[in-house]
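Results of the structural survey
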Amino acid sequence: MDRIVLRERKSVLIVGIICTLLFAAFGLFFAIMETGIVLLFFLPFILLGVSVILIYCRHLIILETDQMTVSEPFRKKKVIRYSEIRQVLLHTTNTEIELILVSRAKERLMKFALTMRNADKAVDLFIDREIPFIDLSDLLESEGDIGEYLPLLTKLEQFFYRPQIRAKENADRIEASRKAETVRKEKHFVKITGRILFGAEIFAFLFLKGKLFYACFVFILLLIWGMYIWMYPNLFLEVSKKIKYRDYVIELPFFSIIIALLSCLMTTQIFDLDEACFFAFVGVYAILLLIPFALKLYLTRQKPDKPRLLLTVFAVLVLAFTTTVPVNILATFGANRHEPVIVKEKEIYTSKHTDYYIYADWREDDQRFTVSKSSYNKIQKGDRLQVCLRRSIFGLYYWKVHQ
């Protein structure tokens, strides 16, 4: 047979070039305008673009009569005889289908994507040589178990199948414990609660102001976190639409969560605060939120898998980060303190969003204050402003300037 060469499509090269040039340009711009250290932040992205270019240039698979030669960047050239291939695993991601070649010793040989040029000819060659194909997604759907193939996958590849594997295990556990009806009632309860919470959010936007506004969204997020702990492990943070065992999967009201998170996050744009104290509070707050979850795991003797546990911890950090300022606003009861400052400079900072700043000497320091666009246009250099300083019962200071 004639030699057949598989290589990446030109779109990979274009993406690599754009990524490299774009981040290199950004890095040089900020290095000139700000400081050279900023270039270190862009360096990993520049190297990522270079690696994509190398993948296009060096990732080649040459099909010959009895063997295939595989060249990859940063790896030695590999020769694989077709007689060594036991089977081909089809690994489906959200964007492409990848072929994983498995040896007769049940070891992983290599992987390539169907998006490569001439990949279809490689598939035809494997079919002609009667090498069996195993679609992992179909196998999981039909038999519910791909345990023997998981060691052949990387951790990232295994991640795509974990939601469905967890759903299957959860369904088996529920059916064995004869709690199917209870789970269905909980699922209906969460669905109705999600609609009520969405209605509460609309009501808050239309009619609530000040502390009541913040209290509504903080309550919604903490309530959902409490529901997650109560219904764990039946209630999932992430659910694939491809999951077969959906009868026993309870989905969180994501739309209500996103609205509440964004509403709470807006407070970080309204007030300035001490960043060190802010992040210290976020850390302690997250630990306090995780304590009831840890108690639930301990009392029920449940052992969660690591990816789901990490995802839960990350979700709690996001919850703590976004609600820290609203919680401290709600925990502020004393009178506001006002301190005068004189405006020295003004600045507009534009990135994805436009931020407006003024600078003034405050407490023996050159302090930057965040202001709205309308306030920025009204304020002039030399104007006398008031810093409205507040302190919550937790000891976190936050402030805002006004005329």
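Just above, that's the structure.
Okay, so let's go over this structure. (Residues numbered from 1 in each chain as written. Predicted model: local features only at pLDDT ≥ 70, side-chain atom pairs only at ≥ 80, totals over all residues. Heavy atoms only, no water.)

1. Some details on the overall build of the protein chain
Counted only if it meets this: Helix and strand definitions follow DSSP, with helices as H or I runs of at least four residues and strands as E runs of at least two, each counted in order from the N terminus. For the radius of gyration, the atoms used are the C-alpha atoms, and the globule rule reads 2.2 Å times the number of residues raised to 0.38. The buried label goes to any residue with under 20% of its type's maximum accessible area, the exposed label to any with over 50%, and the partly exposed label to all in between, with areas taken from a 1.4 Å probe on protein chains only. Whether two residues are in contact is decided by their heavy atoms, any of which lying within 4.5 Å being enough. Every accessible area reported is derived by Shrake-Rupley at a probe size of 1.4 Å, with residue values counting cover from the shown protein chains alone. Charge convention: Lys and Arg are scored as positive, Asp and Glu as negative, and His as well as the terminal groups of each chain are ignored. Just so you know, the charge point we use is NZ for Lys, CZ for Arg, CG for Asp and CD for Glu.
Within the protein chain, the regular secondary structure consists of 13 helices and 16 strands. The C-alpha radius of gyration computed for the protein chain amounts to 28 Å, which surpasses the reference 22 Å derived for 403 residues by more than 25%, pointing to a less compact arrangement than a globule. The 403 residues of the protein chain split such that 42% are buried. Taking as baseline every contact in the protein chain between residues at least 6 positions apart, the subset at least 24 positions apart corresponds to 62%. For the protein chain, the accessible surface area stands at approximately 23,700 Å², while carbon and sulfur atoms represent 62% of it. Positive and negative side-chain charges in the protein chain, numbering 54 and 43 respectively, have mean positions lying 3 Å apart.

2. Considering the nonpolar core
The condition is simple: Among buried residues, those of type Ala, Val, Leu, Ile, Met, Phe, Trp, Tyr and Cys that are joined through side-chain atoms within 4.5 Å constitute a nonpolar core.
Counting residues in hydrophobic clusters, the biggest one holds 46 residues, and the most contacted among them are F217, L221, W225, Y228, L235, L289 and F293. Mapped onto this core, the elements with two or more residues apiece are α7 (180–207), α8 (210–231), α9 (254–265), α11 (275–300) and α12 (306–330). With 13 residues, the top contributor of residues to this core is α8. What L235 contacts, discounting residues up to four positions off in sequence, is V190, M227, Y228, I250, L252 and R308. Counting 23 residues, the second-largest nonpolar core is a separate cluster that includes I4, L6, L99 and A119.

3. As for the pattern of salt bridges
What counts, and what does not: By salt bridge we mean one thing: a side-chain nitrogen of Lys or Arg within 4 Å of a carboxyl oxygen of Asp or Glu.
On inspection of all chains with the given rule, the structure shows 9 salt bridges. Here D66 makes a salt bridge to R129, at a shortest N to O gap of 3.9 Å. Of this pair, D66 sits in the loop between β2 (60–63) and β3 (67–71) while R129 is found in the loop between α3 (119–128) and β8 (133–135), placing the two residues 63 residues apart along the sequence. Among the residues examined, D66 registers a relative accessible area of 41% and is labelled partly exposed. Taken together, the salt bridges that share partners define one network made up of E98, R108, K111 and E157.

4. Re the side chain of S256
Summarising the element assignment, S256 is placed in helix α9. Judged by its relative accessible area of 2%, S256 is buried. Non-local contacts of S256, meaning those with residues more than four positions away in its chain, are made with G194, L197, F198 and E201.

5. Examining the layout of surface pockets
How we decide: For each structure, a 1 Å grid was placed over the protein atoms alone; sets of points admitting a 1.4 Å probe that cannot get out are labelled cavities, open sets with protein on both sides within 12 Å along at least five of seven lines are labelled pockets, and lining residues have an atom within 4 Å of a point. Grid points are joined across faces, edges and corners, and a volume is the space filled by probe spheres set on the points. Polar here means any residue outside two lists: the nonpolar Ala, Val, Leu, Ile, Met, Phe, Trp, Tyr, Cys and Pro, and the charged Asp, Glu, Lys and Arg; Gly therefore counts as polar.
When its volume is computed, the largest pocket comes out at roughly 730 Å³. Considering the residues around the largest pocket, the lining is formed by 25 residues, among which I55, H59, E72, E98 and K111 are closest to the centre. Sorting the residues of the lining of the largest pocket by element identifies β7 (108–113) and α5 (155–159) as the ones contributing at least two each. One number sums up the size of the second largest pocket: a volume of about 530 Å³. As for the second largest pocket, its lining consists of 17 residues, and the residues nearest its centre are T268, F271, D272, L273 and E275. Looking at the lining of the second largest pocket, the elements that each hand over two or more residues are α10 (267–270), β11 (272–273), α11, β13 (354–361) and β14 (366–371). Broken down by class, the residue content of the lining of the second largest pocket amounts to 8 nonpolar, 4 polar and 5 charged.

6. So, the sheet that holds β3
Adjacent strands of a sheet pair through backbone hydrogen bonds, lying either parallel or antiparallel. Put simply, the rule is: The pairing criterion for strands is at least two bridges between them, as found by DSSP. Convention adopted: a line fitted to C-alpha atoms gives each axis, helices being fitted over their contacting stretch, and angles between N-to-C directions are expressed from 0 to 180 degrees.
In spatial order, the strands read β1-β2-β3-β4; together these 4 strands make up an open sheet with antiparallel pairing. Whereas interior strands pair on both sides, the edge strands pair on one side only; in this sheet they are β1 (4–7) and β4 (78–81). Averaged over all neighbouring strand pairs, the angle between strand axes comes to 20 degrees, with direction disregarded. Alignment of β3 against β4, held across 4 bridges, turns out to be antiparallel. Residue pairing across strands places Q67 opposite R81, the latter belonging to β4. α3 rests against β1, β2 and β3 of the sheet, and its axis sits at about 125 degrees to β1.

7. Remarks on the packing of aromatic side chains
So the rule is basically this: Two aromatic rings, drawn from Phe, Tyr or Trp (for Trp, its six-membered ring), form a pair once their centres lie within 6.5 Å of each other, and the interplanar angle then sorts them: stacked below 30 degrees, edge-to-face above 60, tilted otherwise. Sitting over a ring, as applied to charges here, requires NZ of Lys or CZ of Arg to be within 6 Å of the ring centre and within 35 degrees of the ring normal.
Inspection of the entire model under this criterion finds 24 aromatic pairs. Considering the side-chain rings of F278 and F321, the 5.3 Å spacing of their centres and the 80 degrees angle between planes classify their relative orientation as edge-to-face. One end of the pair, F278, is in helix α11; the other, F321, is in helix α12, and 43 residues separate them in sequence. Feature note: the residues F205, F213, Y214 and F217 constitute an aromatic cluster, connected by ring pairs. Stacked on the ring of Y376, the Lys or Arg K346 has its end atom at 4.3 Å from the ring centre.

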